[in-house]
Amino acid sequence: MLETQLDSSQNVDTERLSCFHCGQKCEGQPVVWDEHAFCCQGCAVVYDLLTTHGLDTYYALGEKPGISMRQKPDNDQYAFLDIPEVVDALADFHDGKTLRLTFEIPAIHCASCVWLLENLHRLEPGIRQAQVQFLRKEVAFILDTEHITLRQLAERLHSLGYGPRIQLDATEKKRPLRNSGKDFLNRLGVAGFCFGNIMLLSFPEYFHLDAVAESSFRRFFGWLNLFLALPVLFYSSRDFFHSAFVALRHRVVNIDVPLALGIVVMFVRSAWEIISGTGAGFMDALAGLVFLLLVGRWFQNKSFETLSFERHFKSYFPLSVNVETPQGLKPVPLEGLKPGDVVVLKNQELIPADGVVEEGVGQIDYSFVTGETLPVQRVPGEKVFAGGRQTGGMLKVRLTKNISQSYLTALWNAPAFQNARPAFLSSRTHVVSRYFTLAQLLVAGLGAAIWLPVDAGRALHVFTSVLIITCPCALALTVPFAFGNSLRILSRRKFYLKNADVIESLARVDTVIFDKTGTLTKPDEKSVEYTGTPLTEQEQSLIRWACLTSTHPLSASLASHLEKIPIPEQGPPVQEIPGKGLSCGPLQLGSAEFLGQEARAADAFLDNSSAQVYVAFGEEVKGHFTIQSHFREGLPELSEHLTRMGQRLAVLSGDKDHEKPILQQILGAQVEMAFRQKPEDKMHFIQKLQKTGRCTLMLGDGLNDAGALRQADVGVALTEENGVFFPASDAMLRASALPQLPAFLKQARHTLLTVRLSFIISLFYNSVGLYFALTGTLRPVVAAVLMPVSSVTVMLFTVGTTFLFARKNKLL
């Protein structure tokens, strides 16, 4: 039982008590528990809950980080979350066992909040995962609904002081980021008002009006300036102080630490001069500094919004989906899908939006969504969710929701598909920025110490000017703007990257590996001949049905060859074994190794000038299809350009080596080739190269190459007009854009060059500014003007330079 009175025997400071959990003043008799005072029973209960479950680190990350619990929720406040229709409206995914959704939680405000929310699974085992988007104040949850309901989650969050803001209107606009809000503009307005009036009252000092300066007006004006500077210090500057305080509390020095220190030093020195009557102080410089810093931050935010690189989902997915129409199947881009459309999915194709099974039996793999690898069977009339992958036969789904603007991209960037190799340049930038700030503080202190015996006023100017002019803001902006603009340029040329860090990996690539079938060859231009026991129309119908469910290039060729053969309304389920073949009822279709000894014996006597796909019904091998590939145009030029760039080239294929002479003639004898490669062989081939220090790029069709794509430093899935989404890849490239691969690699290298040039410009600017600041010829107000100018200059330089390089590389 929690104590509700203050026991004199407990170690609690009875004066100026504030709640240990939320920091609010304890009015009346405080609640005391575990030698801490709390403002209410609710805060004490939350504290007890967190410490009991080993989550007391929450209080170590911040001083009184919690939310006040004085306002208790009604018992039925979240009762509406028990209504199934409401749960379905809020859920991104819900299959009866797993629920995935995103809550907006306005109370998120610090690192302690993030830590607690992402560790909720320790309080509630039913919470599998919680991931916080701090700027959006959103948390994405994955729940086990057998252990926790949506209502229980909301009530648990509310009990901790993080009540969710729930609204069912999906069309409501996203909340703007904090600095673009009304409060920021209010602080900017207050700083501008005070700055103007302080300058007006400081005119006698500016023009050396002795009659005023020596009268009582000077002291009166000084006190007015001090009074006007108070809102600038405590209201307009609060973001700088808050950011600096949070950073120092976590033993980190960010760029706001020197700014906050400069503002405090300037205010204290000016206040002392005004109160003691020894001078007029520098309140005009202080107010001007804060005003111009806020103007610069506002302009910087507006520039960043204008050049926003947060991409719409269709920038990631260069895909279209087959939609059933009265005229037959029609490819429709993802953004053109709408509720009511009937989409036709093949094996391994992704469900683009929530819907209901219209025809066929779904074997849905939700591993991209929930991490569960066991497929779930869905029959006509049952719901399916966006992000699931069909792994059986052909499936028709009637969509019930629009395409999510961010859900599919979130799947691609899920932790399960992230490359474990860190981005070197991005991480180094943060390290450089941190040590840059420490050096900045040291130089400012030394400069002030040198000037102090000579001129105390100038020492203050030197100290403040150094802190302001040598700001690492430009350094921190270089990487996101350079990478972001190149990301947008590449996507315009049909090269879609998972995230900006892939650019850095692309720039380091020195080995390019191609899969042959479907990558170097055209899947829609192949000559097909059948040899063996004649096939009945029923057998051909079953073959076409099986091939239509597959996305493999050879399956597509066979389906096209048999396009005049009708297919059954509902054929048997199809199982596709990557690298081997298809199994569909009595039919087995694939390689000689897949069909067994009889097929292998027949294969030994065949001409190896083309690919063979064997057909067996039951135990009888009927014959084989001979498929002659046609290679894509532009491959000789592609190989030549990559070789000139210093790239080592390799080709991996699961086929026999019958096309090796043709490939050597097209790509060159210098290209390394390996045939009869199983999916695991391709992955091991890349691992061997990486052990020798090579940085690899793998181009494949996705299905058979999933392991190799994930293993490579950069995995690129090649897609046709109606492609398939492969989360294992780092990028997706339209097949028509393959000849531009050398230009893409050059653009990545030039992007890194742009970053290095920006660093040099930033270093030069800081060196020149530092010289004038240390000599005392640079006033803090002028430094405040130059600081945002430098940031904007770097932004414009990085964006402009990446555009120029794109023109040079013929990407624009």
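Below: a short report on this structure. Counting of residues starts from 1 at the beginning of each chain's written sequence and follows it residue by residue. Local features are withheld for residues below a pLDDT of 70 in this predicted model, meaning they are given only at 70 or higher, and side-chain atom pairs are given and counted only at 80 or more; totals for whole chains, interfaces and linings count all residues. Excluded from the side-chain calculations are hydrogens and water; all other atoms, namely the structure's heavy atoms, are used.

1. Some points on the nonpolar core
Val-512, Phe-514 and Leu-699 are the most contacted members of the largest nonpolar core, which has 48 residues in total. Comment: elements are numbered from the N terminus, with helices defined as DSSP H or I runs of at least four residues and strands as E runs of at least two. A per-element tally of this core places helix H28 (residues 741-774) first, with seven residues. Should any heavy atoms of two residues lie within 4.5 Å, those residues are considered in contact. Not counting chain neighbours up to four residues away, the residues in contact with Phe-514 comprise Thr-519, Leu-520, Leu-638, Leu-642, Leu-649, Ala-650, Val-651, Leu-652, Leu-699 and Leu-738. Residues belong to a common nonpolar core when they are buried Ala, Val, Leu, Ile, Met, Phe, Trp, Tyr or Cys residues joined through side-chain atoms within 4.5 Å. Note on classification: 1.4 Å probe, protein chains only; a residue is buried when its accessible area is under 20% of the maximum for its type, exposed when over 50%, partly exposed between these limits. Of all hydrophobic cores here, the second largest spans 30 residues; its members include Leu-201, Met-266, Met-283 and Leu-289.

2. Side note on the packing of helix H19 (residues 501-508) against H28
To obtain each axis, a line is fitted to C-alpha atoms, and for helices this fit is confined to the stretch in contact; angles are then taken between N-to-C directions over 0 to 180 degrees. The interhelical angle for the contact between H19 and H28, taken along N-to-C directions, is 105°, at an axis separation of 8 Å. With respect to their mutual orientation, H19 and H28 come out roughly perpendicular. In this structure, H19 contributes Ile-503, Glu-504, Leu-506 and Ala-507 to the contact, and H28 contributes Leu-745, Ala-748, Arg-749, Thr-751 and Leu-752. Only Asp, Glu, Lys and Arg are considered charged in this grouping, and only Ala, Val, Leu, Ile, Met, Phe, Trp, Tyr, Cys and Pro are considered nonpolar; every other residue, Gly among them, is considered polar. Taken together, the residues that form the contact of H19 with H28 break down as six nonpolar, one polar and two charged. If an angle is under 35 degrees, it is roughly parallel; if it is over 145, roughly antiparallel; if it lies from 65 to 115, roughly perpendicular; otherwise it is oblique.

3. A short note on the packing of helix H20 (residues 537-548) against helix H21 (residues 553-561)
With their axes 8 Å apart at the nearest point, H20 and H21 run at an angle of 140° to one another. Here H20 lies oblique to H21, going by the angle between them. Regarding H20 and H21, the two cross each other, and that crossing is left-handed. For the pair formed by H20 and H21, the contact residues are Arg-544, Cys-547 and Leu-548 on the first element and Ser-555, Leu-558 and Ala-559 on the second. Class assignment of the residues belonging to the contact of H20 with H21 gives a composition of four nonpolar, one polar and one charged. Here a crossing is taken to be left-handed if its near helix is turned anticlockwise relative to the far helix by less than a right angle, and right-handed if that turn runs clockwise.

4. Some thoughts on the sheet that holds strand S23 (residues 620-628)
Strand order in this open sheet of six strands is S18-S23-S22-S21-S20-S19, and the pairing throughout is antiparallel. Two strands close off the open sheet at either side, each with one partner strand: strand S18 (527-532) and strand S19 (574-577). Pairs of neighbouring strands in the sheet enclose a mean axial angle of 15°, with direction left out of account. Only strands that DSSP links by at least two bridges are regarded as paired with each other. Where strand S22 (residues 611-617) lies against S23, seven bridges are found, and the strand directions are antiparallel. Within S23, the position partnered with Phe-617 by the bridge is Glu-620.

Read these as geometric descriptors, not functional statements.
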